[in-house]
Amino acid sequence: MITRNASALAFILLLVLSVALALGNLPLLALGLFALFLALLGLLVRTPARLELRRTLGKTTVWMDEKVTVDWELRVDSGTGPIFVYDVLPKEMEVVSGSNYRVFWKRPGVTRFANSYTVRCPKRGTYQLEPTRWEARHPLEFRQPVQGSTQETLGLNVLPRLLAVRRIRGVRGLAKTPYPLVDLARIGVA
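Bear in mind the structure is a predicted one, so any value in this text is a computation, not a measurement.

A.B. asks: For this particular structure, what's the right way to read the side chain of H138?
C.D. replies: Within the secondary structure, H138 is located in the loop between β9 (133-136) and β10 (146-149). At 3.1 Å, the side chain of H138 and the backbone nitrogen of L140 are in polar contact. Aside from chain neighbours lying at most four places away, what touches H138 is G42, V45, R46, T47, P82 and R143.

Here it is in structure tokens:
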């Protein structure tokens, strides 16, 4: 479907051409025809379509503050233009390296893109990573954007990191009174 940008550009170009014909201005007529030719070429360009996006998670169970790698692999069959790919992460997660939002430029032919980023979760719990979303646009914004997402929701289980418990050995002391709670031990207050 053609957007308002394309309709407005076509109207302006036809207006320039009609003014150039009415005035008999050859340079303006040549400029209008050249711009019309470029606009028609722009309409022939197709928006990227037939996208396959796979997302993998390095681990599904991690300790608190442990890093997890998320990988994308995108395959696009046809079209030309920018493709926006992004993950909406839970608010508790933070991106440590890489980016969960990428823009790829699709050239003619079958193209593959890859992205990797690392997240860290400082709070324990079970988190659901929503499906990865993508949007493909026409390079001149002449056609409507194509949107989609992966179908799967990935789960991440974050376990609390337990501290090592040291064994407390009893300190032997001799009570000096029949009430040992008020006695002073040899190493200080009981």
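A.B. asks: I'm lost on empty space enclosed by the protein in this one. Help?
C.D. replies: Counted according to the given criterion, the structure contains one cavity of 30 Å³ or more. For the largest cavity, the full set of lining residues is V62, E66, V68, V119, R120, C121, L156 and V158. Residue classes in the lining of the largest cavity are distributed as six nonpolar, no polar and two charged.

A.B. asks: I keep staring at the environment of V85 and nothing clicks. Help me out?
C.D. replies: In this structure, V85 sits in strand β4 (residues 81-86). Accessibility expressed as a relative area gives 1% for V85, which makes it buried. Placed 62 residues apart in sequence, V85 and Q147 show a C-alpha to C-alpha distance of 9.9 Å. For V85, the contacting residues outside a window of four places in its chain are L53, W72, L74, N100, Y101, R102, F104, T132, R133 and W134.

A.B. asks: Got a minute to help me understand a nonpolar patch on the surface in this structure?
C.D. replies: A surface patch of nonpolar side chains, about 520 Å² in accessible area, is lined by F11, I12, L15, V19 and L23. Owing to a relative accessible area of 47%, I12 belongs among the partly exposed residues under this scheme.

A.B. asks: Just to check I follow, could you spell out the nonpolar core for this structure?
C.D. replies: Within the largest apolar cluster, 25 residues are counted, with the highest numbers of intra-cluster contacts made by L57, L74, I83, V85, M93 and L156. Counting only elements with at least two residues in this core, the list comes to β1 (49-57), β3 (67-78), β4, β7 (111-120), β8 (125-129), β9 and β11 (154-159). At five residues, the largest contribution of residues to this core is made by β3.

A.B. asks: Please explain the sheet that holds strand β6 (residues 101-106) as it appears in this structure.
C.D. replies: Backbone-to-backbone hydrogen bonds join strands into a sheet, with any given pair of strands oriented parallel or antiparallel. In space, the four strands of this open sheet follow the order β6-β4-β9-β10, with antiparallel pairing throughout. Only two strands of the sheet have a single neighbouring strand rather than two, namely β6 and β10. Taking each pair of neighbouring strands and ignoring which way they run, the sheet shows an average axis angle of 15°. As judged from the four bridges shared by β9 and β10, these two strands associate in the antiparallel manner. From the neighbouring strand, A136 faces β10, where its bridge partner is V146.

Procedures and definitions
Residues numbered from 1 in each chain as written. Predicted model: local features only at pLDDT ≥ 70, side-chain atom pairs only at ≥ 80, totals over all residues. Heavy atoms only, no water. Helix = DSSP H or I, 4+ residues; strand = E, 2+ residues; numbered from the N terminus. Polar contact = N/O pair within 3.5 Å; in protein donor to acceptor, adjacent residues only side chain to side chain. Contact = heavy atoms within 4.5 Å. 1 Å grid on protein atoms, 1.4 Å probe; cavity = no way out; pocket = protein on both sides within 12 Å on 5 of 7 lines; lining within 4 Å. Points joined across faces, edges and corners; volume = space filled by probe spheres on them. Nonpolar A, V, L, I, M, F, W, Y, C, P; charged D, E, K, R; others polar. Buried < 20%, exposed > 50% of the residue type's maximum accessible area, 1.4 Å probe, protein only. Patch = residues over 30% accessible without salt bridge, like charges linked within 9 Å, V, L, I, M, F, W, Y side chains within 5 Å. Areas by Shrake-Rupley, 256 points an atom, 1.4 Å probe, with all protein chains shown as cover. Salt bridge = Lys/Arg side-chain N within 4 Å of Asp/Glu carboxyl O. Core = buried A, V, L, I, M, F, W, Y, C linked by side-chain atoms within 4.5 Å. Pairing = 2+ DSSP bridges. Axes fitted to C-alpha atoms, helices over the stretch in contact; angles between N-to-C directions.

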